[in-house]
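Working through the structure, step by step
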Amino acid sequence: MATNNIREPENDNALTSHNPSKPHPAMERLNVFVGKWNTEGVIKASPSGAADLLKAVDTYEWLPGGYFLIHHVDGYMGKDKVKAIEIIGYDASSQNYTTHSYDNQGNFNAYQANLLDRDWKIWGESERFTGMFSEDSNILTGSWELSSDGTNWVPWMDIKLTKVI
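Residues numbered from 1 in each chain as written. Predicted model: local features only at pLDDT ≥ 70, side-chain atom pairs only at ≥ 80, totals over all residues. Heavy atoms only, no water.

Take the overall build of the protein chain next. Helices and strands together make up the secondary structure of the protein chain, namely 0 helices and 10 strands. Counting helices and strands in the order they occur from the N terminus, the protein chain gives β-β-β-β-β-β-β-β-β-β. Relative to its 165 residues, the protein chain shows a buried fraction of 30%. Excluding contacts between residues fewer than 6 apart, the proportion of contacts in the protein chain whose partners are at least 24 apart in sequence is 34%. For the protein chain, the accessible surface area stands at approximately 11,000 Å², while carbon and sulfur atoms represent 54% of it. (Helix = DSSP H or I, 4+ residues; strand = E, 2+ residues; numbered from the N terminus. Buried < 20%, exposed > 50% of the residue type's maximum accessible area, 1.4 Å probe, protein only. Contact = heavy atoms within 4.5 Å. Areas by Shrake-Rupley, 256 points an atom, 1.4 Å probe, with all protein chains shown as cover.)

This is the structure:
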């Protein structure tokens, strides 16, 4: 007779510490992003390339349940097609948002972010963004910077997102 090696959890509440009954209230602040945005920008000239334009459509939507915000990017950086998906959540222990993005070139990036009033900041090991929402929250403007050592930062691109829906 075969035995089943799968054990039932001894405590049904064992999983609830990682799965709260409702999203953290900080997630509600991200409602400002929900919708479709036209994105345009200028990629700065650098030793690795000439200045160029960025154009995209960014779409933000809630994953059912409200625990995560999903961000889709569909556009161009210069002549290069860019498609990406980003998942944004909240880490109560650090009181920061966490983001993980994946693109059509095989790149994966992890960041932390914070939304304080109208200021939106994102930071990672080699990229960071500082931006601000307009008073009506329908425009987000900001700048990305790059670093090869985490200490010295250089301008990468300036962007403007305009909400259309």
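Together, L63, F68, I85, I87, Y102 and F108 give the surface a local cluster of nonpolar side chains, amounting to about 500 Å² of exposed area. Tracing the sequence through the fold places F68 in the loop between β2 (52-62) and β3 (69-77). What makes F68 partly exposed here is its relative accessible area of 37%. (Patch = residues over 30% accessible without salt bridge, like charges linked within 9 Å, V, L, I, M, F, W, Y side chains within 5 Å. Salt bridge = Lys/Arg side-chain N within 4 Å of Asp/Glu carboxyl O.)

Once that is clear, we can look at the layout of surface pockets. Taken as a whole, the largest pocket holds about 1,000 Å³ of empty space. Lining the largest pocket we find 42 residues, and of these L54, M77, V82, W156 and M157 sit closest to its centre. For the lining of the largest pocket, the residue count by class is 24 nonpolar, 10 polar and 8 charged. (1 Å grid on protein atoms, 1.4 Å probe; cavity = no way out; pocket = protein on both sides within 12 Å on 5 of 7 lines; lining within 4 Å. Points joined across faces, edges and corners; volume = space filled by probe spheres on them. Nonpolar A, V, L, I, M, F, W, Y, C, P; charged D, E, K, R; others polar.)

Where strand β8 (residues 127-133) meets strand β9 (residues 139-146), 7 bridges bridge the pair, whose relative direction is antiparallel. The residue bridging R128 from the neighbouring strand is E145, located in β9. Linking β8 to β9, which pair antiparallel, is a turn of 5 residues; within it S137 sits at a positive phi near 65°. Bridge analysis of β9 against strand β10 (residues 154-163) gives 8 bridges, and the strand direction is antiparallel. (Pairing = 2+ DSSP bridges.)

Let us now look at the pattern of salt bridges. Think of it this way: side chains of opposite charge can pair up when their charged atoms draw near. Taken as a whole and assessed by the stated rule, the structure comprises 4 salt bridges. Here D158 and K44 are joined by a salt bridge, their closest N and O atoms 2.8 Å apart. Pair noted here: D158 is in strand β10 and K44 is in the loop between β1 (35-43) and β2, with a separation of 114 residues, a long-range link. Taking the relative accessible area as the measure of exposure, D158 reaches 31% and is therefore partly exposed.

This part is about the environment of D80. Here D80 shows up in strand β4 (residues 80-91). A sequence separation of 26 residues divides D80 from L54, and the C-alpha atoms of the two residues are 9.4 Å apart.

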